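Observations on the three-dimensional arrangement
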Amino acid sequence: MKRPTLLALLLFAVSFLTSAAHNGDGLRVSVTPDTRMTGRSNHREVLMRLMVVRSNDMGETELNSLTVNLQGTKAGDVRILEVLSTGNFPKANDLGPQSVYQENTTYDPAPEPRSTSLQTVLVRDLEPSLSEDIHIPLHYRLTADTSYLWITADISDTAKEGNRICLTLKQLQTNNGAYPLDIHTKREILLRRRVLYCPGDFDSKFFRIPAIITAKDGTLVTATDRRKYNNNDLPEDIDIILNYSSRGGQFWGGPAFLALGRGVGKGFGDCALAHTRDEGGLIAVYAGGAGFWQSRPDDPQRIYCRRSTDNGLSWTPAVDITHYLYGPDCADSVRRQWWGAFCASGNGLLTSTGRIMFVAAVREGEAWSANNYVLYSDDNGETWQCSQRACVGGDEAKVVELHDGRILMSIRHQGERWFNISEDGGVTWHDTVFATNFPAAPACNGDIIRYDRKDGTSVLLHSLPIGDKRENVAVMLSYDEGKSWSLGRVIVPYSAAYSSLCILPDGTIGMYVEEDPNGGDTYEMVFYNFTLEWLEGKHK
């Protein structure tokens, strides 16, 4: 069986700084460091890529050795340093799995790795300070005009969160001479960083729209748009797929189909997840059909829900709940004339009273603008009701319950985040939205959830890009129930957009995010795991 890429593929970030060295004999060496975060237990995490180009008139060339230094790295954080070749294949997904283990998978979409291991260094055999240079023999004969080598590390299962894997590449020695180099990289260690999907995996060109929730038995459940043929929204042919981890995000299984698209106008997307009152209860709400901007009163984009009572392993058949909100079958004569709607992907909310809530973005007329309403259920998802309007000119929005039972809504808006408050469980809302000191943010979807500490205090967590572009996805913190916000940490300091948050059974934080280190919107889907102490800068 082919190796699953679900855990494996790490598309290398060629957008990072590249340095080149020449010695005048027709050989050119370009080095690209990888500076992204890494995670415990990761296998063959790229530290640097070497592109070696030889001229046509060069004779036989052999790469004899590399000289590197790991100073700044803690000896217990790295198990293995390895140099590999992928021949003339330039991408790191040719190296093989990011993890050497996986949970049960139901597909084998991955080609066999194209990599050849040239040399392995057991870091435990080196002196503890890692301050001395390491000479790595290669004896690799160049057989192509362009060859790619990779310096990788296996991260320890017990590596300390917040430490860094530091590497300096000092020299490449060939049979024709030495190439002095002075290239540095650092990768900060988190509890976990796992790539669930890369473009091209599972016979799909693109993936988008992350949602994650911790089921009541501790299983992590993710939902993802499988955008098979292009990166456009509905009405394109899109599937919603689920993945599961019973090991805190270390290993992942799946995918399973929540909704299977069957052509343009027959796709599904934008999945939101919430708990229900059942012991193993989850509910998924998602859109399907016409598309938000193509939707019309007589042919509306549909809204569906499915429920699970076994922590997401199985689901009830899909139920069309569109008519509870709008559409030609809606009982309300005004809402019957609305043009389109969908619920924001990511987290819904189960309140302390047992009410299930999702926030809908609604086109009340033909104009290309949206207002926000809450779609809520008081009978565990059997029937649904629509709130009064919460925001004019909004978009994707999320809700969280405050300590006093009020509901805080966070609303997507270009340049600043809007907020509103409901005093009656989400049925009615204040007349005007308000802004806080929340950092400037682009129009983008993110999550807001509550983190309850063991000492009885709590903090609100909010994930979102910061700045004026879809990049620098960070987690913000509020210690005063959303009145003010402070920046925790930037998790993805490059191109990234939607994100979703959860709390794991051990009290750590999970984030599922779409990111593209090459600076575009061809996203990898990545799971991160870290502690609140790291987020607050108290982990040292």
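Model, not experiment: these values are computed from the prediction. (Residues numbered from 1 in each chain as written. Predicted model: local features only at pLDDT ≥ 70, side-chain atom pairs only at ≥ 80, totals over all residues. Heavy atoms only, no water.)

One open sheet accounts for five strands, arranged S3-S11-S10-S5-S8; its pairing is mixed. Each edge of the open sheet carries a strand with a single partner, namely strand S3 (38-39) and strand S8 (134-141). Direction of pairing for S3 relative to strand S11 (residues 177-190): parallel, over a ladder of two bridges. Bridge assignment links Gly 39 to a residue of S11, and that residue is Leu 190. (Pairing = 2+ DSSP bridges. Helix = DSSP H or I, 4+ residues; strand = E, 2+ residues; numbered from the N terminus.)

Let's shift gears to the sheet that holds strand S19 (residues 302-308). What links the strands of a sheet is backbone hydrogen bonding, and the strands pair in either a parallel or an antiparallel sense. Strand order in the open sheet formed by five strands is S20-S19-S18-S17-S22, and the pairing between neighbours is mixed. Every interior strand has two partners, whereas the edge strands, strand S20 (319-320) and strand S22 (346-347), have only one. Bridge count between strand S17 (residues 268-275) and S22: two bridges; the pairing is parallel. Each bridged residue has a counterpart across the sheet, and for Leu 273 the counterpart in S22 is Asn 347.

It is worth spelling out the nonpolar core at this point. Of all hydrophobic cores here, the largest spans 37 residues; its most connected members are Leu 81, Leu 138, Ile 151 and Leu 169. Those residues in contact with Ile 151 that lie beyond four places of it in its chain are Glu 45, Val 46, Leu 47, Met 48, Leu 50, Leu 66, Val 68, Leu 81, Glu 82, Val 83, Leu 167 and Leu 169. Judged by nonpolar contacts, the second largest core, of 25 residues, contains Leu 461, Tyr 494, Val 513 and Phe 530. (Core = buried A, V, L, I, M, F, W, Y, C linked by side-chain atoms within 4.5 Å. Buried < 20%, exposed > 50% of the residue type's maximum accessible area, 1.4 Å probe, protein only. Contact = heavy atoms within 4.5 Å.)

Time to look at the confidence of the model for the chain. In the predicted model, the chain carries a mean pLDDT of 91, and 92% of its residues have values of at least 70. When the criterion is pLDDT under 50, residues 1-16 qualifies, and its contacts beyond four places in sequence or with other chains add up to 83 contacts. Between residues 100-111, whose pLDDT stays under 50, and residues either more than four places distant or in other chains, the model counts 37 contacts. (pLDDT = per-residue confidence, 0-100.)

Glancing now at the side chain of Ser 147. As for its position among the elements, Ser 147 is in strand S9 (residues 146-155). Here Ser 147 is in contact with Leu 50, Met 51, Val 52, Gly 87, Tyr 140 and Leu 142, once residues within four sequence places are set aside.

This part is about the pattern of salt bridges. Summed over the entire model, instances satisfying the criterion amount to 28 salt bridges. Two residues, Arg 302 and Asp 320, come together in a salt bridge whose shortest N-O distance is 3.0 Å. With Arg 302 in strand S19 and Asp 320 in strand S20, the pair connects residues that are 18 residues apart, well separated along the chain. Classification of Arg 302 as partly exposed rests on a relative accessible area of 22%. (Salt bridge = Lys/Arg side-chain N within 4 Å of Asp/Glu carboxyl O.)

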